[in-house]
Amino acid sequence: MSATEQEERAQFTLAMRAKGINDLGLLRALERAPRALFMPQRFADISGRDIALPIGCGQTSPPPSIVAAMIAALELKPSHQVCEIGTGTGYCTALLAQLANSVVSLERFETLAVEASARIKTFGLANVAIRWEDGFDFHRSGERFDRVIVHGLIEPPGEAFRDLIVADGVLVAAVAGPERGEQRIVKLAGDLNGALEAADSGPARALRPLERGLARAL
């Protein structure tokens, strides 16, 4: 790694700390997986900025600070099995895989799923399965996870994904806030009785409503 790359990564880490990301494990994961490795080549020079970027198929990659805040809300442990809905470029997938036991990542666009799979393979992560699936229908598979993260705005209280988490699992997504254009990260924690308790985990931005259906490309 060149001195310039080291400096850029150090600056990125400081920027994430300034945004309230203080978990050391997550910060190390962010350092080990530079966003530029998972973004279209034409954005390599600006991937380190805390901005949303277009990634193809009409989709966007959220700002890194929002991705990190959503991961932090999951409170991941090394034993956890995670389901990610909305693979995108595979950037968040790579971060999750460094912090959890395994990750199943679902992407409704086949083009994005194939590209993300290639990036994850190149990065060398063996505990990830990327599937071309509609996240809204995946509960029918019968699979259950300790943690679920949804990259997109959903309707509260997230019942469409309740069956994906174990009884005391956690779901993190984003919902529209009370103010026009506002977005909030919400953490839905289950209890052993099957109830979901919602907690606000801070602001979100640049997230699109989660869409249904499979598509090869757009």
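Refer to the structure presented above.
Because the structure is predicted, anything quoted here is derived from the model rather than measured.

Trainee: Got a minute to help me understand the sheet that holds strand β3 (residues 81-85) in this structure?
Mentor: Within a sheet, neighbouring strands are paired by backbone hydrogen bonds and run either parallel or antiparallel to one another. Strands sit in the order β5-β4-β3-β6-β7-β8-β9 across an open sheet of 7 strands; the sheet is mixed. Edge positions in the open sheet fall to β5 (128-132) and β9 (196-204), since each of these has one partner strand only. Averaged over all pairs of adjacent strands, the angle between their axes in this sheet comes to 15 degrees, without regard to strand direction. Against the sheet, helix α3 (residues 64-74) makes contact with β6 (145-153), β7 (165-176), β8 (183-190) and β9, and its axis sits at roughly 155 degrees relative to β7, the strand it touches most.

Trainee: Would you take a moment to explain unusual backbone geometry for this structure?
Mentor: For Cys57, which is not glycine, the phi torsion reads 60 degrees and is therefore positive. Inspection of the secondary structure assignment puts Cys57 in the loop between β1 (53-56) and β2 (59-61). Unusually for a residue other than glycine, Glu75 sits at a positive phi of about 55 degrees. Looking at the secondary structure, you find Glu75 in the loop between α3 and β3.

Trainee: Is there a simple way to explain the packing of α3 against helix α4 (residues 91-99) in this structure?
Mentor: How two helices sit against one another is set out by the angle between their axes and by the gap between those axes. In contact at an axis separation of 11 Å, α3 and α4 are set at 35 degrees when each is read in the N-to-C sense. Viewed along their axes, α3 and α4 form a crossing whose handedness is right-handed. Two secondary-structure elements touch here, α3 through Pro64, Val67, Ile71 and Leu74 and α4 through Tyr91, Cys92, Leu95, Leu96 and Leu99. Each residue belonging to the contact of α3 with α4 can be placed in one class, and the counts come to 9 nonpolar, no polar and no charged.

Trainee: Help me out: how do you make sense of the environment of Gln11 in this one?
Mentor: Here Gln11 shows up in helix α1 (residues 3-18). Sequence separation of Gln11 and Gly48 is 37 residues, and the distance between their C-alpha atoms is 9.1 Å.

Trainee: Where do I start with α3 in this structure?
Mentor: Given 3.6 residues to a turn, an α-helix orients residues that are three or four positions apart in the same direction. Among the 11 residues of α3, 10 are classified as buried, and the element is accordingly described as predominantly covered. Those residues of α3 that sit buried are Pro64, Ser65, Ile66, Val67, Ala68, Ala69, Met70, Ile71, Ala73 and Leu74. Following α3 by one or two positions, Glu75 adopts a phi angle in the positive range, close to 55 degrees.

Each value, and the rule that gives it
Residues numbered from 1 in each chain as written. Predicted model: local features only at pLDDT ≥ 70, side-chain atom pairs only at ≥ 80, totals over all residues. Heavy atoms only, no water. Pairing = 2+ DSSP bridges. Helix = DSSP H or I, 4+ residues; strand = E, 2+ residues; numbered from the N terminus. Axes fitted to C-alpha atoms, helices over the stretch in contact; angles between N-to-C directions. Contact = heavy atoms within 4.5 Å. Left-handed = near helix turned anticlockwise from the far one by under 90°. Nonpolar A, V, L, I, M, F, W, Y, C, P; charged D, E, K, R; others polar. Buried < 20%, exposed > 50% of the residue type's maximum accessible area, 1.4 Å probe, protein only.

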